[in-house]
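Spelled out from the first residue to the last, the chains are:
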Amino acid sequence: MASTLQKLTVQEAQNASLGQAGAIVETSTTAITGKSIVAFQMLDDTVFTALTPSDTTNGYGVPAANGDTLASITIPSGMTIYGHWTAFTLASGKVIAYQG
C-alpha cells in the first residue's frame, strides 16, 4: 500500500479510511510515532499529551492552523475521533488507534 491516500486506488482509500490497515491498542504513556492513524476510539476516558497531525500546513493540522490542541482535554469513553495523525502519546486512558 502506498504511503499517502492520494496514491491509492479508490478501493484502497476506502479500506484505509476504515482502518483496515490494522490497529494499535494503547494503554501506556509511551510515545507512538511513525504511524498513519486515521481514527481513535476511546476505550476509557482519555487525555492525550501529544497528538501530531500528519500535515501541519494545510489547515487539517489543528495546532498550526489555529493554535488549538486536544492535549489536556478529556475525551469520553466510547467516542471516536477521525483525522490523520503520525504520532500520539497518552497522558491517561486507553485507545484503539486505527491505521490507514
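Placed above this text is the structure.
Caption draft 1: Spotlight on the pairing of strand S2 (residues 37-42). Counted residue by residue, S2 has 5 buried out of 6 residues, so it is predominantly covered. With 5 bridges connecting them, S2 and strand S5 (residues 95-99) associate as antiparallel partners. In the strand pairing of S5, Met42 is matched with Val95.

Caption draft 2: Geometry of the packing of aromatic side chains. Per the counting criterion, the structure on display carries 4 aromatic pairs. Relative to Trp85, the ring of Phe40 has its centre 5.0 Å away and its plane inclined at 55°; by these criteria the two rings are tilted. With Phe40 in strand S2 and Trp85 in strand S4 (residues 80-92), the pair connects residues that are 45 residues apart, well separated along the chain. Ring centres 4.9 Å apart and planes at 80° place the aromatic pair Phe40 and Phe88 in the edge-to-face group. One end of the pair, Phe40, is in strand S2; the other, Phe88, is in strand S4, with 48 residues separating them in the sequence.

Caption draft 3: The arrangement of the sheet that holds strand S1 (residues 23-26) in detail. Strand order in this open sheet of 5 strands is S1-S5-S2-S4-S3, and the pairing throughout is antiparallel. Across the chains shown, the open sheet's two edge strands, defined by having one partner strand only, are S1 and strand S3 (47-53). Geometrically, the sheet is characterised by an average inter-axis angle of 35° between neighbouring strands, direction not taken into account. In the sheet, S1 pairs with S5 via 4 bridges, with the strands oriented antiparallel. In the sheet register, Glu26 faces S5, and the bridge partner there is Val95.

Caption draft 4: Main features of the pairing of S4. Pairing between S2 and S4: 4 bridges, direction antiparallel. Each bridged residue has a counterpart across the sheet, and for Ile37 the counterpart in S4 is Trp85. Sheet topology note: the S3/S4 ladder contains 6 bridges and is antiparallel. What sits directly across from Leu51, in S4, is Phe88.

Caption draft 5: Structural detail: the nonpolar core. Among the nonpolar cores identified, the biggest contains 14 residues, and Phe40, Phe48 and Phe88 are the most heavily contacted of them. Where this core is concerned, the elements lending two or more residues are S2, S3, S4 and S5. Among all residues touching Phe48, those that are not within four sequence positions of it are Phe40, Met42, Leu70, Ala71, Ser72, Ile75, Phe88, Thr89, Leu90, Ala91 and Val95.

Caption draft 6: The side chain of Thr89, seen in detail. By the element assignment, Thr89 lies in strand S4. Judged by relative accessible area, Thr89 falls into the buried class, the value being 16%. With sequence-adjacent residues up to four places away left out, Thr89 is seen in contact with Thr29, Thr30, Ala31, Phe48, Thr49 and Ala50.

What counts and what doesn't
- Residues numbered from 1 in each chain as written.
- Predicted model: local features only at pLDDT ≥ 70, side-chain atom pairs only at ≥ 80, totals over all residues.
- Heavy atoms only, no water.
- Buried < 20%, exposed > 50% of the residue type's maximum accessible area, 1.4 Å probe, protein only.
- Helix = DSSP H or I, 4+ residues; strand = E, 2+ residues; numbered from the N terminus.
- Pairing = 2+ DSSP bridges.
- Phe/Tyr/Trp six-rings, centres within 6.5 Å; stacked < 30°, edge-to-face > 60°.
- Axes fitted to C-alpha atoms, helices over the stretch in contact; angles between N-to-C directions.
- Core = buried A, V, L, I, M, F, W, Y, C linked by side-chain atoms within 4.5 Å.
- Contact = heavy atoms within 4.5 Å.

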